[in-house]
Amino acid sequence: DDQIERERASQHLPGGCCALAAVYLMGKFYVANAGDSRAIIIRNGEIIPMSREFTPETERQRLQFLALLRPELLGKEFTHLEFPRRIQPKELGKKMLYRDQNMNGWAYKKIEEDDLKFPLIYGEGKKARMMATIGVTRGLGDHDLKVFSSNIHIKPFLSCFPEVRVYDLTQYEHCPDDVLVLGTDGLWDVTNDKEVAGVVMEVLTSYEPNDPCRYTMVAQELVMRSRGVLKERGWRLANDKLGSGDDISVFVIPLGGPGNYT
């Protein structure tokens with residue numbers, strides 16, 4: 001993250017990205033995630049999550065707590081409190097459900113003038129945005145990112161620190177069909193874990209266990225199925241739903257060695 005900031009200053013290179021990394025060291029996989037990419041292990045048909053997405057929804061309490069500690073970051077335009085919907089001026093003095101940085105559930109409060117500000121986190125699911133600008137809350141770069149038509153910087157709320165999960169390969173016997181799948185959000189937006197595992201098993205069983213290209217073909221198939229087919233109404237999946245409109249990058253890494261097995 002510091003390197004990107006130095007290049008921004010010296011080479012005028014703006015921008016940022018999420019990051020998902022897997023490191024194999026002394027019999028263990030260390031999977032580090034900062035952003036909304038995802039990693040799963042598929043072992044003997046079982047799905048083992050190796051990361052979680054960092055979004056305005058999943059990191060709501062961290063973001064609200066920072067905004068509470070440093071209200072100047074909100075630029076007098078936002079409130080750190082969350083409401084089920086936007087508050088209207090005519091609702092001043094009335095009671096409305098809300099939650100703050102310490103709450104998992106909801107409670108009632110009397111609406112005040114400050115509550116009319118735009119909420120720090122607004123929207124649900126993939127439409128959730130922080131400061132009405134960005135849908136991920138961890139990653140690298142984005143040092144120049146500001147709220148539209150303002151001088152409010154987003155960067156203080158973006159963390160470059162990943163969450164790391166560890167998987168000990170020495171604890172299990174792995175066959176050539178056991179894999180680690182790394183994918184950007186373009187894959188997971190339209191394909192869930194179970195569907196990915198189904199594609200993995202479908203493609204792998206059509207190749208010999210010692211054929212090294214079988215894993216590349218799985219990755220290719222996952223990309224193509226998530227993108228869909230171009231039709232008159234845009235890119236469509238097999239179920240006719242919209243294909244992924246985001247970038248789709250996939251790695252499929254074998255956990256077991258080649259060879260014949262039952």
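Please read all numbers here as calculations on a predicted model, not as lab measurements. (Residues numbered from 1 in each chain as written. Predicted model: local features only at pLDDT ≥ 70, side-chain atom pairs only at ≥ 80, totals over all residues. Heavy atoms only, no water.)

Provide a residue-level description of the environment of Cys 17, including the pertinent values.
Of note, Cys 17 is situated in strand 1 (residues 16–17). It is 7.7 Å that separates the C-alpha atoms of Cys 17 and Asp 142, two residues lying 125 residues apart in sequence. Cys 17 has contacts with Gly 139 and Leu 140, leaving out every residue within four places of it along the chain. (Helix = DSSP H or I, 4+ residues; strand = E, 2+ residues; numbered from the N terminus. Contact = heavy atoms within 4.5 Å.)

I'd like to hear about the UniProt feature "domain: PPM-type phosphatase" (unreviewed entry) in the protein chain, residue by residue, with values.
Mapped onto this numbering, the UniProt entry gives "domain: PPM-type phosphatase" (unreviewed entry) at residues 1–255. Taken end to end, residues 1–255 comprises 20% helix and 26% strand; its first and last C-alpha atoms sit 30 Å apart. (UniProt positions renumbered as here; feature names shortened; annotations may be inferred.)

Talk me through the domain arrangement of the protein chain; I want residue IDs and the actual numbers.
Under the domain assignment, the protein chain is made up of domain 1 (1–52 + 162–254) and domain 2 (59–141). Distance from the C-alpha centre of domain 1 to the C-alpha centre of domain 2: 32 Å. Across the boundary between the two partners, domain 1 contributes 14 residues, which contact six residues of domain 2. Buried area between domain 1 and domain 2, both sides added, is near 800 Å², and the carbon and sulfur share of it is 56%. Our count for the domain 1 to domain 2 interface comes out at three salt bridges. For the salt bridge of Lys 126 with Asp 36, the shortest nitrogen-to-oxygen distance reads 3.7 Å. Between the two partners, domain 1 and domain 2, sit three residue pairs in polar contact (both at pLDDT 80 or more). In the side of domain 1 that touches domain 2, the residues fall into six nonpolar, three polar and five charged. (Domains from an automatic or database assignment. Buried area = accessible area lost by both parts, 1.4 Å probe. Salt bridge = Lys/Arg side-chain N within 4 Å of Asp/Glu carboxyl O. Polar contact = N/O pair within 3.5 Å; in protein donor to acceptor, adjacent residues only side chain to side chain. Nonpolar A, V, L, I, M, F, W, Y, C, P; charged D, E, K, R; others polar.)

Give me the lowdown on the nonpolar core, citing residues and values where you can.
Nonpolar side chains tend toward joint burial in soluble globular proteins. Formed by 19 residues in total, the largest nonpolar core has its most connected members in Val 181, Val 196, Leu 222 and Val 252. Secondary structure elements with two or more residues in this core: strand 4 (38–43), strand 14 (179–183), helix 3 (185–188), helix 4 (193–204), helix 5 (213–227) and strand 17 (250–254). With near-sequence residues (within four places) excluded, Val 181 lies in contact with Arg 38, Ala 39, Ile 40, Ile 42, Trp 188, Val 196, Val 200, Leu 222, Val 250, Phe 251 and Val 252. Membership of the second largest hydrophobic core comes to 17 residues, among which are Leu 74, Ile 134, Ile 152 and Ile 154. (Core = buried A, V, L, I, M, F, W, Y, C linked by side-chain atoms within 4.5 Å. Buried < 20%, exposed > 50% of the residue type's maximum accessible area, 1.4 Å probe, protein only.)

Requested: an account of the sheet that holds strand 17, with residues and values cited.
Strand order in this open sheet of four strands is 5-4-14-17, and the pairing throughout is antiparallel. On the outer flanks of this sheet lie strand 5 (46–49) and strand 17, each paired with one strand and no other. Ignoring which end each strand starts from, the neighbouring axes of this sheet average 20° apart. Pairing analysis gives four bridges linking strand 4 to strand 5, with the strands arranged antiparallel. Of the residues in strand 5, the one forming a bridge with Ile 42 is Ile 47. Against the sheet, helix 4 makes contact with strand 4, strand 5 and strand 14, and its axis sits at roughly 50° relative to strand 4, the strand it touches most. (Pairing = 2+ DSSP bridges. Axes fitted to C-alpha atoms, helices over the stretch in contact; angles between N-to-C directions.)

Let's hear about the environment of Met 50: which residues, and what values?
For Met 50, the location among the structural elements is in the loop between strand 5 and helix 2 (60–69). Remark: the alpha-carbon pair of Met 50 and Val 164, spanning 114 residues in sequence, is separated by 8.5 Å. When neighbours within four sequence positions are excluded, Met 50 is seen to be in contact with Val 31, Ala 39, Ile 40, Ile 41, Arg 165, Val 166, Tyr 167 and Leu 180.

Can you tell me about the packing of helix 4 against helix 5, naming the residues and giving the values?
One can describe the packing of helix 4 onto helix 5 by two numbers: an axis separation of 9 Å at closest approach and a directional angle of 135°. Compared by their axis directions, helix 4 and helix 5 come out oblique. For the pair helix 4 and helix 5, the crossing hand works out as right-handed. Residues Val 196, Val 199, Val 200, Glu 202, Val 203 and Leu 204 of helix 4 touch helix 5, and the partners they reach there are Arg 214, Tyr 215, Met 217, Val 218, Glu 221, Leu 222 and Arg 225. Across the contact of helix 4 with helix 5, the residue classes break down as nine nonpolar, no polar and four charged. (Parallel < 35°, antiparallel > 145°, perpendicular 65-115°, else oblique. Left-handed = near helix turned anticlockwise from the far one by under 90°.)

Outline a nonpolar patch on the surface, listing residues and values.
Taken together, the side chains of Val 23, Leu 25, Met 26, Tyr 30, Val 164 and Val 166 make up a nonpolar region of the molecular surface, amounting to roughly 590 Å² of accessible area. Secondary-structure elements contributing two or more residues to the nonpolar patch are strand 2 (19–25) and strand 13 (163–168). (Patch = residues over 30% accessible without salt bridge, like charges linked within 9 Å, V, L, I, M, F, W, Y side chains within 5 Å. Areas by Shrake-Rupley, 256 points an atom, 1.4 Å probe, with all protein chains shown as cover.)

Got a sec to walk through the sheet that holds strand 2? Specific residues and values, please.
Spatially, 2-3-13 is the arrangement adopted by the three strands of the open sheet, whose pairing is antiparallel. Edge positions in the sheet fall to strand 2 and strand 13, since each of these pairs with one other strand and no more. Across this sheet, the average inter-strand angle for adjacent strands is 15°, counted without regard to direction. Here strand 3 (residues 28–34) runs beside strand 13; their pairing, made up of six bridges, is antiparallel. Looking at strand 13, one finds that Lys 28 is bridged to Asp 168.

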